[in-house]
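Structural characterization, general
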Amino acid sequence: MTETTFRPQHLDVRAFAQNAARLEGRLSLSNLERLAQDLRGLDVDLTSNCVQWSAQGERLPVAGGAVQSWLHLQIQAQLPMQCQRCLQAMTQELHVRRSFRFVRDEHEANAQDDDSEEDLLVASKQFNLLELVEDELIMASPFAP
């Protein structure tokens, strides 16, 4: 049996889940362009601030239905920010734990979105996991720290 190598920028999510694979890594904040834009203007070296992340794939059977592909994501980061009350530099610690169920296409995601408690994403063989990490950090960041 050959071991499958998974790359976070071009992840085949169904194969990742099928193999119950795990990926983890560290990213410099300077590599997360959209998030870095929000942090620019602070007198901080974004290259020295790192984000730690891990992702675990899983396939879960559903009674009377098809097996579902899941991705469990954990992220830890310390974001340099400016306090909106005192205007001093501060560090905002973020811990994100999210699970995503993958569906076949946008139509299926839209059809299930209102009735589903879990977060849905469209399955792809070229899914960019690092963009998802950045998206989750942006959404977890406080509007007014």
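The preceding data block contains the structure.
One structure accompanies this document, and this report is about it. No experiment lies behind these values; they were computed from the predicted model shown. (Residues numbered from 1 in each chain as written. Predicted model: local features only at pLDDT ≥ 70, side-chain atom pairs only at ≥ 80, totals over all residues. Heavy atoms only, no water.)

**Topic: the sheet that holds strand E3 (residues 68-82)**
So the rule is basically this: The rule for pairing is simple: two strands pair if DSSP sees at least two bridges between them. Runs of E in the DSSP output that reach at least two residues are strands. Runs of H or I that reach at least four are helices, and both are numbered from the N terminus. Axis lines are fitted through C-alpha atoms, for helices just across the contact stretch, and the angle between N-to-C directions can take any value from 0 to 180 degrees. In what follows, a contact means two residues having at least one pair of non-hydrogen atoms within 4.5 Å.
Spatial strand order, E1-E2-E3-E4-E5: five strands in an open sheet with mixed pairing. A single partner strand is all that each edge strand has here, and the edge strands are strand E1 (22-28) and strand E5 (119-122). Strand-to-strand, the axes of this sheet are offset by a mean angle of 30 degrees, without reference to chain direction. In the sheet, E1 pairs with strand E2 (residues 50-60) via seven bridges, with the strands oriented antiparallel. Looking across to E2, one finds that glycine 25 is bridged to tryptophan 53. Lying over the sheet, helix H3 (residues 106-113) contacts strand E4 (89-103) and E5, oriented at roughly 170 degrees with respect to E5. Contacting E1, E2, E3, E4 and E5, helix H4 (residues 129-140) runs over the sheet at an angle of about 55 degrees to E3.

**Describing the packing of aromatic side chains**
This is how the line gets drawn: Only rings of Phe, Tyr and Trp enter the pairing, Trp through its six-membered ring, and a pair is recorded when the two centres are within 6.5 Å. The plane angle decides the type: under 30 degrees is stacked, over 60 is edge-to-face, the rest tilted. Burial classification: accessible surface area is computed with a 1.4 Å probe over protein chains only, and a residue below 20% of its type maximum counts as buried, one above 50% as exposed, and the rest as partly exposed.
Enumeration according to the criterion identifies two aromatic pairs in this entry. The interplanar angle of 85 degrees and the centroid separation of 5.3 Å between the aromatic rings of phenylalanine 6 and phenylalanine 16 together place this pair among those described as edge-to-face. You can see phenylalanine 6 sitting in the segment before helix H1 (13-18) and its partner phenylalanine 16 sitting in helix H1, a full 10 residues away along the chain. Here phenylalanine 6 matches phenylalanine 16 in class, with each residue buried. Each ring, one from phenylalanine 102 and one from phenylalanine 127, has its centre 5.4 Å from the other, and the planes form 90 degrees; the classification is edge-to-face. Here phenylalanine 102 is found in strand E4, whereas its partner phenylalanine 127 is found in the loop between E5 and H4, with 25 residues between them in sequence.

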